[in-house]
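If you want the building blocks of each chain, they are given just below.
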Amino acid sequence: MANVVVGLALLAFWLYCLFDVITTPPEIVRTLPKAAWVLVVMIPAMGGVLWLLAGRPVPEPITPGQNLLPSPPPPAPRGPDDDPDFLRSLERKLREED
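Summary of the structure given here. (Residues numbered from 1 in each chain as written. Predicted model: local features only at pLDDT ≥ 70, side-chain atom pairs only at ≥ 80, totals over all residues. Heavy atoms only, no water.)

### A look at the side chain of threonine 24
Then, number 1: Turning to its location among the elements, threonine 24 is positioned in the loop between helix H1 (2–23) and helix H2 (34–41).
Then, number 2: Apart from the residues lying within four places of it in its own chain, the contact partners of threonine 24 are Val29, Lys34, Trp51 and Pro57. (Helix = DSSP H or I, 4+ residues; strand = E, 2+ residues; numbered from the N terminus. Contact = heavy atoms within 4.5 Å.)

Below is the structure:
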């Protein structure tokens, strides 16, 4: 039973490292080119450890006062029926036609 748990843990670690290499943009990978890291990660257990220690990008430090929240999205376009000025102009046009 313990062998199965260890095997599953190693498989999960390998998959995590492999997907991490694949999804990391090539311009921020350290030490080796991205294609070389994919090959290194194929080495069982040791390849993943090497990726985490020498290849994975180092996150930028957070500076005090840095805004971590994303900026709010721009306002969605409004339809003409949501614009009060447009509705008023329609009412004026309807009154003038009568």
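### Some details on the pattern of salt bridges
Then, number 1: Counted under the stated rule, the structure contains three salt bridges.
Then, number 2: In this structure, aspartate 20 and arginine 56 form a salt bridge, with 2.5 Å as the shortest nitrogen-oxygen distance. Separated by 36 residues along the polypeptide, aspartate 20 in helix H1 and arginine 56 in the loop between helix H3 (46–55) and helix H4 (84–97) bring together distant segments of the chain.
Then, number 3: A relative accessible area of 13% means that aspartate 20 is categorised as buried. (Salt bridge = Lys/Arg side-chain N within 4 Å of Asp/Glu carboxyl O. Buried < 20%, exposed > 50% of the residue type's maximum accessible area, 1.4 Å probe, protein only.)

### Digging into the packing of aromatic side chains
Aromatic rings considered in pairs are described by the distance between their centres and by the relative angle of their planes.
Then, number 1: On inspection of all chains with the given rule, the structure shows one aromatic pair.
Then, number 2: Between the aromatic rings of tryptophan 37 and tryptophan 51, the centroid separation amounts to 5.5 Å while the plane-to-plane angle is 70°, which identifies the pairing as edge-to-face. Of this pair, tryptophan 37 sits in helix H2 while tryptophan 51 sits in helix H3, and the two are 14 residues apart along the sequence.
Then, number 3: The class of tryptophan 51 is buried, set by a relative accessible area of 0%. (Phe/Tyr/Trp six-rings, centres within 6.5 Å; stacked < 30°, edge-to-face > 60°.)

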